[in-house]
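Letter by letter, the chains look like this.
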Amino acid sequence: MSGGGTQVATTKVMRVVDLDKSYGGLRAVDSVSFDVYRGEILALVGDNGAGKSTLVKALAGAQPPDSGRIEIEGRPVQLRTPRDADAAGIGCLHQGLGLVDALNVPENVFLGRELQTKILGFIPQLDHRRMRERTIELLERFGINLPRLNDAVVRLSGGQRQTVAISRLLLQDVRVVIMDEPMAALGVEEGRRVLDLVANMRARGISVIVISHNLEHVFQLADRIAVMKNGRLVGIVETASTTRDAVVRMITFGQLH
Ligand SMILES: Nc1ncnc2c1ncn2[C@@H]1O[C@H](COP(=O)(O)OP(=O)(O)OP(=O)(O)O)[C@@H](O)[C@H]1O
Ligand SMILES: [Mg+2]
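In this convention, every chain numbers its residues from 1, walking through the sequence in written order. Think of it this way: whatever chain is written first is A, whatever ligand is written first is 1, and the rest follow in order. Reporting in this predicted model follows two pLDDT cut-offs: at least 70 for local features of residues, and 80 or more for side-chain atom pairs to be given and counted; totals over whole chains, interfaces and linings ignore these cut-offs and use all residues. Note that water and hydrogens are dropped before the side-chain values are worked out from all heavy atoms of the structure.

On to the pairing of strand 3 (residues 41-45), then. Burial of strand 3 is extensive: 5 of the 5 residues sit out of reach of the surface. What you see with strand 3 is no split at all: Ile-41, Ala-43 and Val-45 on one side and Leu-42 and Leu-44 on the other are buried throughout. Remark: exposure states derive from per-residue accessible area (1.4 Å probe, protein chains only) relative to the maximum for the residue type, with buried under 20%, exposed over 50%, and partly exposed in between. Each helix corresponds to a stretch of at least 4 residues labelled H or I by DSSP, and each strand to a stretch of at least 2 residues labelled E; elements are numbered beginning at the N terminus.

This next bit is on the sheet that holds strand 9 (residues 176-180). Note: two strands are recorded as paired if DSSP finds a minimum of 2 bridges between them. Read across the sheet, 6 strands follow the order 6-9-10-3-11-12 without closing on themselves; strand pairing throughout is mixed. Here the strands that pair on one side only, and so sit at the sheet edges, are strand 6 (90-93) and strand 12 (232-238). The mean inter-strand angle of the sheet, taken between neighbouring strand axes irrespective of direction, is 20°. Packed onto the sheet, helix 5 (residues 158-171) meets strand 6 and strand 9 and runs at close to 165° relative to strand 6. Angles run from 0 to 180 degrees between N-to-C directions of axes, and those axes are lines fitted to C-alpha atoms, restricted for helices to the stretch in contact. Whether two residues are in contact is decided by their heavy atoms: any pair within 4.5 Å suffices.

Okay, the pattern of salt bridges next. Just to be clear on terms, a salt bridge is a Lys or Arg side-chain nitrogen sitting within 4 Å of an Asp or Glu carboxyl oxygen. Applying the stated criterion to the full structure yields 17 salt bridges. A salt bridge links Asp-35 to Arg-15; its shortest N-O distance comes to 3.0 Å. In this pair, Asp-35 sits in strand 2 (residues 26-37) while Arg-15 sits in strand 1 (residues 12-23), placing the two residues 20 residues apart along the sequence. On the basis of relative accessibility, which here comes to 15%, the residue Asp-35 falls in the buried class. We classify Arg-15 as partly exposed; its relative accessible area is 33%. A salt bridge links Lys-21 to Asp-66; the nearest nitrogen and oxygen atoms lie 4.0 Å apart. Of this pair, Lys-21 sits in strand 1 while Asp-66 sits in the loop between helix 1 (52-59) and strand 4 (67-72); the two residues are 45 residues apart in sequence, bridging distant segments of the chain. Take Lys-21: its relative accessible area is 14%, and that puts it in the buried class.

As structure tokens, this is what we get:
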């Protein structure tokens, strides 16, 4: 093979080396190393307490690791706060989604980086019109359908709220999106829309790390599957060349074969 066509798929966007995180005597993440490629969907699976959330919290700057190294496009980064992760192009969708119920869709998408205008040339004011226009552009670009932009997000469904939170991430120049159990509380149809959106992100070269207990979703969506047990990375397998049984065995017994 010439390899030219596979260039994009093999570009490393993130590299994690020997990451450790303990809570007291418990090693929640134990010497974990792996790479994330550009535009891939990497599923992270494992039993309750395997260390998945602890690992992604370290990658999202939500909870710094005790030791280890994280590189983004070949450069080491220190992710001490979510702001650091933001600057490195890592966006994280936490379980609570971080939306403000009383605000509408554009206000939530632009939360914390609101656009301003000046009336009479000097009095700063929120530029609602421009935030709305840019939100519509963004939603169209990613094929997201949200009919009621002016409603407070508290009135949206679970799936729609999820979509707003994802849109918020996409507004930035994000390289890696991390999602901790994004489909857990959604109905079938809403879950399918989120799956479509994740596939759309991949098509645009964004890498997605997604934690899920739903192996059906994982096999539908992921390019590779990383399995954790007792804080350790058991292994990473290509979805196309494994089976559900094999992944279940990895989760249960903590061995590759
Ligand atoms: N803040 C904390 N303080 C002490 N121990 C913690 C803390 N957070 C997690 N742990 C422990 O670390 C281990 C890994 O937890 P983690 O939340 O990362 O697991 P998980 O794989 O995300 O599980 P789940 O699938 O249930 O979400 C568990 O034994 C958990 O009890
Ligand atoms: Mg978890």
